[in-house]
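# Close look at the chain arrangement
This is what each chain is made of:
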Number of protein chains: 2
Amino acid sequence: MEHIKPMQISIDIESATPLFSQLVMQIKQAVQDEKVKPGDQLPSIRQLAYDLDMNNKTVAKAYRLLERDSVIVAKGYRGTFIHPEAQANCTIDLNKWVRKELTNTIQSFRQAGVTDSEIRIAFADVLNQSTGV
Amino acid sequence: MEHIKPMQISIDIESATPLFSQLVMQIKQAVQDEKVKPGDQLPSIRQLAYDLDMNNKTVAKAYRLLERDSVIVAKGYRGTFIHPEAQANCTIDLNKWVRKELTNTIQSFRQAGVTDSEIRIAFADVLNQSTGV
DNA sequence: ATATGTGCCGTGTGTACTAATGGTACAACT
DNA sequence: AGTTGTACCATTAGTACACACGGCACATAT
């Protein structure tokens, strides 16, 4: 049994921001503050869920997103670790990029006279029709 | 009192497609089939609503959309008429363009690993934050 | 046996939107 | 007075989704 840094994470159950999102942000923050460094092992999903008193799935969701952003690396039964280039990848905000793109697209629609309602419907259709990843 | 062509419109109350949408489509179809021609007067909103047994607002919504697409022209107390270039404007499908743009945007998001769920949330945020038309 | 990440099945609650309905009122004209 | 399009107030039912929760199972390793 290895010693794993106790991850000073505080979850606010009252906050409006989702639990999984709080987790993601705080872990990214810890990486940027160099409180954790590449190669460091993270608590297991089940363990962290127990410590923070939340469901496994919620923690798993946070881990899944962090891995997609290459901030952590899951190695199956061996555990989960901080990604070698975690710090650099933390600054890449996929979300901001998405919003920027969407803002431009939506604005062009509006200028063409398309109703917000119509935009929503078209968006929902497109997102559902073509099979997602 | 002028004679107005009786607008052979049949609304299917059971259909999944919204009533206002059925109206829009059928009027556009009538224009393309040349059953109505530029300058022809349309029934008033209230009259058509009475004939089709639906609410004024529903018909008004259809008229509003048709006017935005320059298929009809509302002249206030004088009534509503078929737009001079209605036929040409019928073929311009604003909706198709919107979907095409959205399809491209969404696909680029997906390829970047963004979850559909994340896309939805970002989309809703952007649409609500910036003031719509 | 025990632990790892991961997958699929489901439930419940809250939110947000569409679609359609109704009422009332206005200015501008015949 | 009556009609036109249009604007504002509102409610109702239905749908869709996010979020968090729970149980069960798997392969892979120590």
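So, how was this worked out
Residues numbered from 1 in each chain as written. Chains lettered and ligands numbered in written order. Predicted model: local features only at pLDDT ≥ 70, side-chain atom pairs only at ≥ 80, totals over all residues. Heavy atoms only, no water. Least-squares fit on C-alpha atoms with pLDDT ≥ 70 in both. Contact = heavy atoms within 4.5 Å. Helix = DSSP H or I, 4+ residues; strand = E, 2+ residues; numbered from the N terminus. Expected span 1.5 Å × (residues − 1). Buried < 20%, exposed > 50% of the residue type's maximum accessible area, 1.4 Å probe, protein only. Arc of directions from axis to C-beta. Polar contact = N/O pair within 3.5 Å; in protein donor to acceptor, adjacent residues only side chain to side chain. Near = heavy atom within 4 Å. Nonpolar A, V, L, I, M, F, W, Y, C, P; charged D, E, K, R; others polar. Domains from an automatic or database assignment. Pairing = 2+ DSSP bridges. Axes fitted to C-alpha atoms, helices over the stretch in contact; angles between N-to-C directions. Salt bridge = Lys/Arg side-chain N within 4 Å of Asp/Glu carboxyl O.

## What to know about the relation of the copies chain B and chain A
- Superposition of chain B onto chain A requires a rotation of 179° combined with a translation of 0.0 Å along the rotation axis, giving an RMSD of 0.2 Å. Such a turn and shift between the copies fits a two-fold axis.
- Both copies contact each other with a shared surface, as 100% of the interface residues of chain B are interface residues in chain A too.

## What to know about helix α5 (residues 94–111) of chain A
- If you check α5 of chain A, its first and last C-alpha atoms are 26 Å apart, about what 18 residues at 1.5 Å a residue would give, namely 26 Å.
- Among all positions in α5 of chain A, only L94, V98, L102, T105, I106, F109 and R110 of chain A are buried. Buried residues along α5 of chain A cover an arc of 135° about the axis, so they all sit on one side. Projecting away from the buried face of α5 of chain A at angles above 90 degrees are the exposed residues K96, K100 and Q111 of chain A.
- Against the buried residues of α5 of chain A lie α3 (56–68) and α6 (116–129) of chain A together with α5 (94–111) and α6 (116–129) of chain B.
- Measuring from the backbone nitrogen of N95 of chain A back to the side-chain oxygen at the start of α5 of chain A gives 3.1 Å, which picks out D93 of chain A as the cap.

## As for the protein's contact with DNA strand C
- Within the structure, DNA strand C sits among 24 residues, and L19, N55, K57, T58 and Y77 of chain B are positioned closest to it.
- At the protein interface, 72% of the atoms of DNA strand C within 4 Å belong to sugar or phosphate.
- Residue Y77 of chain A places a main-chain N or O atom 3.3 Å away from a sugar or linking oxygen belonging to DNA strand C.
- Residue composition of the surface near DNA strand C, by class: 9 nonpolar, 8 polar and 7 charged.

## Considerations on helix α2 (residues 45–52) of chain A
Residues and elements named next belong to chain A.
- Among all positions in α2, only L48, A49 and L52 are buried. Seen from one end, α2 has its buried residues packed into an arc of 105°, which puts them on one side. Of the residues in α2, the exposed ones pointing more than 90 degrees away from the buried face are R46 and Y50.
- Looking at the residues trailing α2, positive phi occurs at D53, about 60°.

## Observations concerning the domain arrangement of chain A
- Split by domain assignment, chain A resolves into domain 1 (19–91) and domain 2 (94–129).
- Averaged C-alpha coordinates put domain 1 of chain A and domain 2 of chain A at centres separated by 31 Å.

## As for the sheet that holds strand β3 (residues 80–82) of chain A
Residues and elements named next belong to chain A.
- Within the open sheet, the 3 strands sit side by side as β1-β3-β2. Their pairing is antiparallel. The two strands at the open ends of the sheet, each matched to only one other strand, are β1 (41–42) and β2 (72–74).
- As paired elements, β1 and β3 share 2 bridges and run antiparallel to each other. The residue bridging L42 from the neighbouring strand is T80, located in β3.
- The sheet contacts of α3 involve β1, β2 and β3, and relative to β2 the element is tilted by about 110°.

## A short note on the pattern of salt bridges
- What the rule picks out here adds up to 10 salt bridges over all chains.
- As a salt-bridge pair, R68 of chain A and E118 of chain B come within 2.4 Å of each other at their nearest N and O atoms. Here E118 of chain B lies in helix α6 and R68 of chain A lies in helix α3, a pairing that spans two chains.
- Residue classification places R68 of chain A among the partly exposed residues on the basis of a relative accessible area of 26%.
- The class of E118 of chain B is buried, set by a relative accessible area of 18%.
- Residues D116 of chain B and R110 of chain B are paired through a salt bridge, measuring 3.0 Å at the closest nitrogen-oxygen approach. With respect to burial, D116 of chain B and R110 of chain B carry one shared label: buried.
- Each member of the salt-bridge network shares a partner with another, and the members are K28, R68 and D69 of chain A together with E118 of chain B.

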